[in-house]
Amino acid sequence: MNNLKKRISVTLATCLAFLIFNDSKLYASEESSNSGHVSVDQQVPAGELPLDTLKASNEEVEPQENFVQPLKPNEFNVNFIENGFYFNIAEKKVTVYDSSTTVSAESEGTVSKYYFYEKFILLGDKVSLSTHQYNLLVNNIESEYAKKLSYVEPNNTLNDNEFNVNFVENGFNFDVNGKRVNVVYGNNIVSINSDNKTIDYYFSEKFMLEGNKVTLSNYQYNLLVNNIESSHARRIRIGTAIGRPETKNYTTIYSDTNLTQRLTTVNKGNSIRIINSVLDGKFKVLTPDGREGFADTRAIRILGDNIPPNISQFDLTTDYIVTISQDNQNLKVYLKNADGTYGLIKHSKASTGLVNTPTPNGIFTIKQYRAPWFYANSSRTSGAKHFVQFRGDHLIHSIVFNSPNSINQASITQLGSKASAGCVRIPLNDAKWFYDYVSGGSLLIIDNGEIDLSKIRANKNL
């Protein structure tokens, strides 16, 4: 039995020696070092390790407490500082501030500025660079995700679009134009405190932090300072869920603009935060837990406010643009001039929907679907002439007829006030003109207040 154990021990030692001698390189163990410890990075060529250090044993090997995992080529040790960290790469000292998209890189007394769309990934006391980050910092290869910025010598004077910030838990705040702007890291929703009121704003762009100051983009500056909204920066509107005939007790929020993938529902009467208007007859909204989605404008009512202006989807190339004001109960038609501006050519009194059967607000396109007559029942005791569709069962048409030869006189006197079941009524002659001339594809904007086309046109160039 003892002879068998000896033969097994000799065989194990021989196999272990063979494996080591045939490896291209190996790491020295603590037992083989004269100093008692060899760094894991210290490599010893095969064949230089004395045979007497090889031991075959069935004893468990204690783990090395001082073992350090070697860094990958795209990983670098970091040093943490207040509000950020720094690391060394390619003879540069790179300083990263929390939630900042700009980075300072110092080399031989020169400071360069870089913009990174992607966040730096921290793994404990290491930073792992993405391909774009590595290529720019090491190989000076720029991309749309990583660019070198023109450097401006620092000074104590802030530019018009720069503001000092105060850091708070999970974010920061700054003051601009009499407003306190509160930013939470990783959130597109920003709360604004002004005149003892709190209003939420939506920004699609991240705020650019550099040290203790924030630099506003043109969109951010125009909204916070000049109150000019755009597709990238706007005030959040508050609507009310009113449901639809098929879902009377709730409004459905979808994850797609086609309104096919259900995300969640909001019970009738509850508030919905609206962040944008979307063609054709949809709102981009927030779910109660802050996710972005889309809802049918017919299922949301906005009172006492205007719709958010999705400037990028206001198509200013169509020959006709139609606007309807529900506060003022009018319909206006504009025709495009040779210079690209629009001139008012038709102004009509209107009757939009009653409170319980509202006309939806939003941006729509006039549909080609139209006809000389429609009837509300099979007996043809109620109907209207020259209808044009703009969203589902919502139409623009004439005043009401009791029969083909009998006008409902009340519908004439009701023009200029809310009176319909959701459609838009206009005078008989105007309905005929609209039916004949306003073609399918024309832009339609329905809002509470008056729509200023000149302002929309100017904002499209911002």
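Residues numbered from 1 in each chain as written. Predicted model: local features only at pLDDT ≥ 70, side-chain atom pairs only at ≥ 80, totals over all residues. Heavy atoms only, no water.

### Side note on the side chain of Glu-229
Phase 1 of the analysis: Here Glu-229 is to be found in the loop between α3 (218–224) and β19 (233–235).
Phase 2 of the analysis: Using a relative accessible area of 13% as the deciding quantity, one classes Glu-229 as buried.
Phase 3 of the analysis: Side-chain polar atoms of Glu-229 contact the side chain of Arg-237, separated by 2.6 Å. (Helix = DSSP H or I, 4+ residues; strand = E, 2+ residues; numbered from the N terminus. Buried < 20%, exposed > 50% of the residue type's maximum accessible area, 1.4 Å probe, protein only. Polar contact = N/O pair within 3.5 Å; in protein donor to acceptor, adjacent residues only side chain to side chain.)

### A look at the sheet that holds strand β28 (residues 330–336)
Strand pairing in a sheet relies on backbone hydrogen bonds, with the paired strands running either antiparallel or parallel.
Phase 1 of the analysis: Reading across the sheet, the 5 strands line up as β29-β28-β27-β37-β30 and stay open at both edges, with mixed pairing between neighbours. The open sheet has two edge strands with one neighbour each: β29 (342–349) and β30 (362–365). In this sheet, adjacent strand axes meet at a mean angle of 20° when their direction is disregarded.
Phase 2 of the analysis: Bridge count between β30 and strand β37 (residues 443–447): 4 bridges; the pairing is antiparallel. Pairing of Phe-364 across the sheet is with Leu-444, part of β37.
Phase 3 of the analysis: The strands touched by helix α5 (residues 428–437) within the sheet are β27 (320–325), β28 and β29, with β29 carrying the most contacts at an inclination of about 140°. (Pairing = 2+ DSSP bridges. Axes fitted to C-alpha atoms, helices over the stretch in contact; angles between N-to-C directions. Contact = heavy atoms within 4.5 Å.)

### Considering the UniProt feature "active site" (unreviewed entry) in the protein chain
Phase 1 of the analysis: If you check UniProt for "active site" (unreviewed entry), the listed places come out as His-397 and Cys-423 in our numbering. Considering the C-alpha atoms alone, the annotated residues occupy 27 residues of sequence yet fold into one spot, their largest mutual distance being 7.5 Å.
Phase 2 of the analysis: Note that His-397 resides in strand β33 (residues 394–397).
Phase 3 of the analysis: The class for His-397 is buried, based on a relative accessible area of 5%.
Phase 4 of the analysis: What His-397 contacts, discounting residues up to four positions off in sequence, is Phe-374, Ala-384, Lys-385, His-386, Phe-387, Cys-423, Val-424, Arg-425, Ile-426 and Ala-431.
Phase 5 of the analysis: When its relative accessible area of 13% is taken as the criterion, Cys-423 is described as buried.
Phase 6 of the analysis: If sequence neighbours within four positions are ignored, Cys-423 has contacts with Ser-351, Thr-352, Gly-353, Thr-359, Asp-393, His-394, Leu-395 and His-397. (UniProt positions renumbered as here; feature names shortened; annotations may be inferred.)

### A look at the nonpolar core
The nonpolar side chains of a soluble globular protein tend to be buried with one another.
Phase 1 of the analysis: Grouped together as the largest cluster of nonpolar side chains are 20 residues, with contacts concentrated most on Ile-396, Phe-434 and Leu-444.
Phase 2 of the analysis: Taken together, the elements giving at least two residues each to this core come down to β27, β28, β32 (383–391), α5 and β37.
Phase 3 of the analysis: Element by element, the count of residues in this core is highest for α5, at 4 residues.
Phase 4 of the analysis: One finds Phe-283, Val-285, Ile-300 and Leu-443 within the second-largest nonpolar core, a separate group that totals 19 residues. (Core = buried A, V, L, I, M, F, W, Y, C linked by side-chain atoms within 4.5 Å.)

### Let's talk about the environment of Phe-374
Phase 1 of the analysis: Along the chain, the position of Phe-374 falls in strand β31 (residues 370–375).
Phase 2 of the analysis: For Phe-374, a relative accessible area of 21% corresponds to the partly exposed category.
Phase 3 of the analysis: In the structure, Phe-374 is positioned 23 residues away from His-397 in sequence and 9.2 Å away in space, judged by C-alpha atoms.
Phase 4 of the analysis: Those residues in contact with Phe-374, other than ones at most four positions away along the chain, are Gly-383, Ala-384, Phe-387, Leu-395 and His-397.

### As for unusual backbone geometry
Most peptide bonds take the trans form, and the phi angle of most residues other than glycine is negative.
Phase 1 of the analysis: In this structure, the amide linkage connecting Leu-279 to the following residue, Asp-280, adopts the cis form with an omega of 5°.
Phase 2 of the analysis: With respect to the element layout, Asp-280 can be found in the loop between β23 (271–278) and β24 (282–286).
Phase 3 of the analysis: One non-glycine residue with positive phi stands out, namely Ala-90, at about 50°.
Phase 4 of the analysis: Tracing the backbone through its elements, the reader meets Ala-90 in the loop between β4 (84–89) and β5 (92–97).
Phase 5 of the analysis: Ala-90 sits in the partly exposed class, given a relative accessible area of 42%.
Phase 6 of the analysis: For Asn-227, which is not a glycine, the phi torsion comes out positive at approximately 55°.
Phase 7 of the analysis: Its place among the elements puts Asn-227 in the loop between α3 and β19.

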